[in-house]
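# Structural description and commentary
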Amino acid sequence: MKNRILTTFTLIGLFAAPAFSAERLVPLVYENIQAAIDASNEGDVVLVAPGTYTGPGNRNIDLKGKAITVQSNNPADPQTVATTIIDCEGLAGAFVLRTGEGADSKIAGLTITNGKAFLGGGIYCQISTSPTIEECVITKCAANLGGGALACGGGSAPTIVNCTMSGNSAFMGGAIYSNASSPSISNCLLVGNTANTGGGVYCTVSSCTVNSCTFSANSSGIYSSNQADVTIKDSILWADTPGPELFVSKSGGISMMVVSFCDVQGGKQAVVVEQGCILSWGYSNINTDPVFESGPLGGYYLAQTSYCIDAGSATAAALGLDQFTTSKEGNPDAGIVDMGYHRRCPRKTIAATIDIKQDIVDLAAKAPWLMCAIELASGYNASDILPETIRLQGEIAAEKVWLGQSGSAKARFSRSRLRGVLDVGSEVQVTVTGTLVDGSMFMGTDVVQVVDEAQLTQNGKK
Ligand SMILES: [Ca+2]
Ligand SMILES: [Ca+2]
């Protein structure tokens, strides 16, 4: 750890000459994100260290038309993204773009939460802005009118790629609202968003493209109205209830929807197409359970048996998704692209021997901790593990971590968090994962018996 920090400082010292693009470090040098942006010149990178950012300067953040990147230390690493958090505390949105920002204005690898605004609870792209928003997680944000996670209006054209939007809400467009705009939404996961109309996406007077996205557990999928033109490809829309998955409305003028290489629950018959509106429905579409699975980074992986695998429009390589995966094992998408959202492949997975110290885990035990020993495969150093990335069953973060100088580390997990994550049973497989400084991932499993208090008492009486 110490070595890594020293190296970082050395690199900054060598390369931060004024003639080159600078790294603006938050909070080390600038006390908030806005202050770092205000100090930035074209091409600079505002580097936001892991942590939770609140207060003025960390909400209603304005890029002021600058071609700069505002990002976490490692947007490609989900754990870094998950631990670099802009918390708007329900007081405003996180970002507002209104000065003609183009594709070189980037927001990358940040988690945005508790945003609240009239339009765009997380991010609002106004007046002819076309920023790039990538690898962001926008969650639990809300808008009074449109776009719980993100709104675009006034001829804006944001590129939204590799983002997750979950648990957001609005009157229209629980995740995304587009009015007189043309957003491009690629490889995004939109789940658990709610709205009166358009639980996932609401498009009005807009031209929207949706590629390689997964929509599920939203109040409905995609709504288009008022001469909107929506093109959806290589995507999954499943279990958005009460629905419908797709709605083409004549309100304000006939709209159009083009759907191909998608898995849509209910198929063409379930799409609401109002009189005079146009639905172009490709023969390539399917209507079959995508068989979502949970994996190291959460839900919405595809099972090996899913008909969504190899069912897309082109090769994964042609679409830039060959270093991304739909499988919980993390294998790159090969051949024809799989439908739906892809996660980045872990750079490399290192085997680890995991020993949960308790062979019998009592979910109701008074002892507060579950202790776990981690032994990395030979040649790897435990001090390279990023302690904040260690997870049990992909969900529970370690409460405390001890990193040795060899391959050995120890982590403890709070027992109070195990209930609902570990099933009760005689042979329960427990998986522990984490990320190393070079971006590779370690993974190992142990088998324990899981009981609860009731069972123990019963056994004791016998
Ligand atoms: Ca494939
Ligand atoms: Ca054990």
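As the structure is a computational prediction, the values presented were derived from the model and not from experiment. (Residues numbered from 1 in each chain as written. Chains lettered and ligands numbered in written order. Predicted model: local features only at pLDDT ≥ 70, side-chain atom pairs only at ≥ 80, totals over all residues.)

### Regarding the overall build of the protein chain
To keep things clear, this is the line we draw: The numbering of helices and of strands both runs from the N terminus, where a helix is a DSSP run of H or I of at least 4 residues and a strand a run of E of at least 2. Each radius of gyration reported is based on C-alpha atoms, and the globular scaling rule is 2.2 Å times the count of residues to the power 0.38. The contact criterion used is a C-beta to C-beta distance within 7 Å, with each C-beta placed from the backbone.
Each helix and strand counted, the protein chain has four helices and 46 strands in total. In terms of C-alpha radius of gyration, the protein chain reaches 23 Å, essentially the compact-globule figure of 23 Å for 462 residues. Pairs at least 24 apart in sequence give 66% of the contacts found in the protein chain among residues at least 6 apart.

### As for unusual backbone geometry
Selection rule: Remark: C-beta atoms are placed from the backbone, and a residue is labelled buried if 20 or more other C-beta atoms sit within 10 Å of its own, exposed if 12 or fewer do, or partly exposed between those counts.
That bond from Val26 to Pro27 is cis: its omega, 5°, falls within 30 degrees of zero. Mapping Pro27 onto the fold places it in the loop between strand S1 (23-26) and helix H2 (33-39). With omega at 5°, the peptide bond leading from Thr241 into Pro242 counts as cis. You can see Pro242 is positioned in the loop between strand S28 (236-238) and strand S29 (246-248). Positioned with a positive phi, Asn162 is a non-glycine residue whose angle comes to about 60°. Within the secondary structure, Asn162 is located in the loop between strand S16 (159-161) and strand S17 (164-166). Judged by local crowding, Asn162 falls into the buried class, with 24 C-beta atoms found within 10 Å. Phi at Ser212 is positive, roughly 50°, even though this residue is not glycine.

### A word on the nonpolar core
Heads up, the condition is: Buried Ala, Val, Leu, Ile, Met, Phe, Trp, Tyr and Cys residues form a nonpolar core when they are connected through C-beta atoms within 7 Å.
Ile33, Val46, Cys136, Ile138, Cys188 and Leu246 are the most contacted members of the largest nonpolar core, which totals 90 residues. Setting aside its immediate chain neighbours within four residues, Ile138 contacts Ile112, Gly122, Ala149, Leu150, Cys163, Met165 and Asn168. Counting 27 residues, the second-largest nonpolar core is a separate cluster that includes Cys372, Ile390, Ala398 and Val450.

### Here we look at the domain arrangement of the protein chain
By convention, interface size is frequently given as the accessible area that disappears when the constituent parts associate. Condition: The split of the chain into domains comes from an automatic or database domain assignment. Side-chain classes are defined by residue name, with Ala, Val, Leu, Ile, Met, Phe, Trp, Tyr, Cys and Pro counting as nonpolar, Asp, Glu, Lys and Arg as charged, and the others, Gly among them, as polar.
When cut into domains, the protein chain gives domain 1 (20-287) and domain 2 (349-454). Using only C-alpha atoms to locate each centre, domain 1 and domain 2 end up separated by 34 Å. Taken together, the four residues of domain 1 in the interface contact five residues of domain 2. Of the residues belonging to the side of domain 1 that touches domain 2, the class tally is one nonpolar, two polar and one charged.

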